[in-house]
Amino acid sequence: MVHEMEKDILKVLVTEEELKARVEALGAEIAERFQGKNPLFLGVLKGSFIFMADLVRACPLKSDLEFMALSSYQNATEFSGRVQINYDLRQDITGRDIIVVEDILDSGNTLAFLKEYLLTKGAASVTIATLLDKPARRAKAITAEFVGITVPDEFVVGYGLDYAQNYRNLPYIGVLKPEVYAK
């Protein structure tokens, strides 16, 4: 049965099975790197929530969780020019090793802002784990230490990623048909 959302998908870029395998591998890589430490996983809402849930389960470390909500697109397809904090940290991060969990590293504007913000708040280190990396759109010189999958410059949705708050619940990463977001 084809669901209503799936009519808007041009093609499946990363299957549910591929996502599961890659997230399991990332969890193992992070656990090895942070063995013996107590990192704070910081999810960037809303896009990272599905990835983060699966990632922390795949990472057998004693760790803590925190969330922030940032906006830089305001329901558009292009960077608005500024990053806004909609939901800030609720704990002191002084001296903590932070693992920022993000759905996609695109232009780098949001993550460059967030990394600097966390360091000024006293983080001992800031490591970025992103599900998707889209280097073709990079505007800031920032990279992720842990990358799930590198994707081409296409408009992707699913597994937490959205367009206008829709499509997050697709179990795979799909490319949205241009006519959906070009309206």
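Conventions we followed
- Residues numbered from 1 in each chain as written.
- Predicted model: local features only at pLDDT ≥ 70, side-chain atom pairs only at ≥ 80, totals over all residues.
- Heavy atoms only, no water.
- Helix = DSSP H or I, 4+ residues; strand = E, 2+ residues; numbered from the N terminus.
- Expected span 1.5 Å × (residues − 1).
- Buried < 20%, exposed > 50% of the residue type's maximum accessible area, 1.4 Å probe, protein only.
- Arc of directions from axis to C-beta.
- Pairing = 2+ DSSP bridges.
- Salt bridge = Lys/Arg side-chain N within 4 Å of Asp/Glu carboxyl O.
- Contact = heavy atoms within 4.5 Å.
- Core = buried A, V, L, I, M, F, W, Y, C linked by side-chain atoms within 4.5 Å.
- Phe/Tyr/Trp six-rings, centres within 6.5 Å; stacked < 30°, edge-to-face > 60°.

Draft legend 1. Representation of helix α1 (residues 16–33). If you check α1, its first and last C-alpha atoms are 26 Å apart, about what 18 residues at 1.5 Å a residue would give, namely 26 Å. Along α1, the positions that sit buried rather than exposed are Leu19, Val23, Leu26, Gly27, Ile30 and Ala31. One side of α1 holds all its buried residues, which, seen down the axis, span an arc of 135°. What points out from α1, more than 90 degrees from its buried face, is the exposed set Glu17 and Glu32.

Draft legend 2. The arrangement of the sheet that holds strand β9 (residues 173–176) in detail. Reading across the sheet, the 3 strands line up as β1-β9-β8 and stay open at both edges, with antiparallel pairing between neighbours. Looking at which strands have only one partner, the edges of the open sheet turn out to be β1 (9–14) and β8 (156–157). The pairing of β1 with β9 spans 4 bridges and is antiparallel. Bridge pairing in β9 places Ile9 opposite Leu176.

Draft legend 3. Layout of the pattern of salt bridges. A full pass over the atoms with the stated rule returns 8 salt bridges. Linking Arg22 and Glu29 is a salt bridge whose minimum nitrogen-to-oxygen distance equals 3.3 Å. With a relative accessible area of 33%, Glu29 lands in the partly exposed category. Notably, a salt bridge pairs Asp106 with Arg137, separated by 2.8 Å at the nearest N-O pair. With Asp106 in the loop between β5 (97–105) and α3 (109–120) and Arg137 in the loop between β6 (125–133) and β7 (146–150), the pair connects residues that are 31 residues apart, well separated along the chain.

Draft legend 4. Main features of α3. The end-to-end C-alpha distance of α3 is 17 Å, a good match for the 16 Å that 12 residues give at a rise of 1.5 Å each. Of all the residues in α3, the buried ones are Asn109, Thr110, Leu111, Leu114, Tyr117 and Leu118. Its buried side turned inward, α3 meets β2 (40–45), β3 (64–71), β4 (84–87), β5 and β6. The first or second residue beyond α3 is Gly122, which carries a positive phi of 100°.

Draft legend 5. Representation of the nonpolar core. One finds Ile30, Phe41, Phe51, Leu55, Leu131, Leu132 and Ile173 to be the most contacted residues of the largest nonpolar core, which totals 27 residues. Broken down by secondary-structure element, the contributors of at least two residues to this core are α1, α2 (49–57), β5, β6, β7 and β9. Per-element tally for this core: the top contributor is α1, with 5 residues. With residues near it in sequence (within four places) discarded, Ile173 still touches Val12, Leu13, Val14, Leu19, Leu131, Leu132, Val156, Val157, Gly158, Tyr159 and Leu161. If you look at the next biggest cluster of nonpolar residues, it comprises 20 residues, including Leu70, Leu105, Leu118 and Val126.

Draft legend 6. Structural context of the packing of aromatic side chains. The tally for this structure, following the rule as stated, stands at 4 aromatic pairs. With a centroid separation of 4.7 Å and an interplanar angle of 25°, the aromatic rings of Phe155 and Tyr181 are classed as stacked. You can see Phe155 sitting in the loop between β7 and β8 and its partner Tyr181 sitting in helix α4 (residues 178–181), a full 26 residues away along the chain. Centroid distance Tyr163 to Tyr181: 6.3 Å. Interplanar angle 65°. Geometry classified as edge-to-face. Of the two residues, Tyr163 sits in the loop between β8 and β9 while Tyr181 sits in helix α4, which places them 18 residues apart along the sequence. On the accessibility criterion, Tyr163 (16% relative accessible area) is buried. The partly exposed category is assigned to Tyr181, whose relative accessible area is 26%. Every member of this aromatic cluster is reached through a ring pair, and the members are Phe155, Tyr163 and Tyr181.

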